[in-house]
Structure formats: structure tokens, C-alpha cells
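# Observations on the model geometry
What follows is the residue order along each chain.
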Amino acid sequence: MAAYKRILLKLSGEALMGDDAYGINRATIVRMVREIQEVTTLGVEVAVVIGGGNIFRGVAGGSVGMDRATADYMGMLATVMNALALADTMRQEGMTARVMSAISIEQVVEPYVRPKALQYLEEGKVVVFAAGTGNPFFTTDTAAALRGAEIGAQVVLKATKVDGVYSADPKKDPNATRYASLSFDEAISKNLQVMDATAFALCRDQKLPIKVFSIFKAGALKRLVLGEDEGTLVHV
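Presented here is an overview of the structure given in this document. Predicted, not measured: the structure shown is a model, and the values here were computed from it.

### A look at the nonpolar core
If you look at the biggest cluster of nonpolar residues, it comprises 41 residues, and the most contacted ones within it are Ile7, Leu9, Leu11, Val48, Leu157 and Phe213. Elements represented by at least two residues in this core include exactly β1 (6–11), α1 (26–40), β2 (45–50), α3 (68–92), β3 (97–101), β5 (126–130), β6 (155–160) and α8 (220–225). Ranked by residue count, the leading element in this core is α3, at 7 residues. With sequence-adjacent residues up to four places away left out, leucine 9 is seen in contact with Ile36, Ala47, Val48, Val49, Leu157, Ala159, Phe213 and Leu221. One finds Leu8, Ala117, Leu121 and Phe200 within the second-largest nonpolar core, a separate group that totals 32 residues.

### Some remarks on the pattern of salt bridges
Taken as a whole and judged by the stated rule, the model has 14 salt bridges. For arginine 204, the salt bridge goes to aspartate 185, with nearest N and O atoms at 3.9 Å. One end of the pair, arginine 204, is in helix α7 (residues 197–205); the other, aspartate 185, is in helix α6 (residues 184–189), and 19 residues separate them in sequence. The exposed category is assigned to aspartate 185, whose relative accessible area is 52%. Connected through salt bridges with shared partners, the residues Asp163, Lys217, Arg223 and Glu230 form a single ionic network.

Analysis parameters
- Residues numbered from 1 in each chain as written.
- Predicted model: local features only at pLDDT ≥ 70, side-chain atom pairs only at ≥ 80, totals over all residues.
- Heavy atoms only, no water.
- Core = buried A, V, L, I, M, F, W, Y, C linked by side-chain atoms within 4.5 Å.
- Buried < 20%, exposed > 50% of the residue type's maximum accessible area, 1.4 Å probe, protein only.
- Helix = DSSP H or I, 4+ residues; strand = E, 2+ residues; numbered from the N terminus.
- Contact = heavy atoms within 4.5 Å.
- Salt bridge = Lys/Arg side-chain N within 4 Å of Asp/Glu carboxyl O.

Written out as C-alpha cells, the structure is:
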């Protein structure tokens, strides 16, 4: 029995690179889609917010000295590319996905309209939110918190390279311990960088829990959705 009915999964663009320097690694995106598919077969409604670092990293050198807003819009367009790749991979795996963009590119993807997104989720489709919040100066973490609150998700699942929040960097400190759960206030007082400050504050204000887990750990997403001890839960 799934512990959640509706989830918001935040994937970084970098997660799609696999071991490549930039871009999308085919085997990696297929594996991620199959992990998401396992969750949808449990009857869980899934929405995804995707970052763009894997593509934007390739042009980041050219953005040095660029106007911040312009660079942010470039990053938003990178997330649209990732969202299209993710949705197409889902299609190939027999799933139905809909990409909704916060910036208008109607020849390519449909615009984000909240009632339509809710309808898709209720129909069992995976909704992939692209282009962040549609505004510069906001990260895709903030987009995840915002969309999670808007669609009434029960939890924001932040997929990272490590399997939770640790007391110290586990790569540098062998004595670092993983927190099973933390309150928002504890995470702030311990200066644990769970999400950027805007996203974190939005989740705290909306009493929307955050679960940090490793997307590279096979089966972690399914175990987490089933309520097993996986990752770190940050809650009110």
C-alpha cells in the first residue's frame, strides 16, 4: 500500500547525464523512467519538475558576464528540452506523459494550466513541469515547491546523488550520519542545505514535507513511496 497518493518528484538536469560530461545519457533516462513507472503502477499520481543543468552546463562558459535574467531564461529552455526527452522516453516505455511549460512555446509543449494539470494527474498521466516558475531568479527547486503546493502533492521528493541528508559530507567525513527525519527548524539551525532558501521557506509555510533521497539507488523511489526507511524526511 502506497504511503502517498500524489507526489512531486524534483529531478536535477545533472541526474540525466549519467557518467557523461553533459547532455542526456540514454541508459540513465530509461532507468529513471522505469523507476517512475514502478511507482505509477502502485496507483500513485506523479508530477515531475526537471532542471536543466546537464544542457546549460555545456553553454555556461559562454554565459559568463551575461545578464542574469537572460542566462536564467536559457536555463528554462534547457529544462523544456529535458522534459521533452523525459516524456518521450515515458511514451516508449508505454506510459502517458504530458509536458506543461511555465513559458509559452505552444508549438512545442502546452502551457501550464493548473486545472488541466490536476485533470491529467487524476487520469493517471505523468505531468512533467518545464521552464521552472517561468521567472528568472528562481531555481527549479523553487518551481518544485511551488508546483507541489499548487497540485496538492503530499510530499516533494528531491532526488540527489546522496541517499539523504547527512550531519556532514559523507564523502569527506566517514563518521557522517544520515538523518531519518528532521524538522524544518532543525535543518535551518544545523545549516543543512536541503533546498535553496526560497523553496525551503515555501515548503515550510505550506507544511509540505520534503524527502531527500538518491535517484541512483535502485528501487529507492518505490521503497520511499511504500513508506519504508529511505532517504531523509524534512517536516513541520
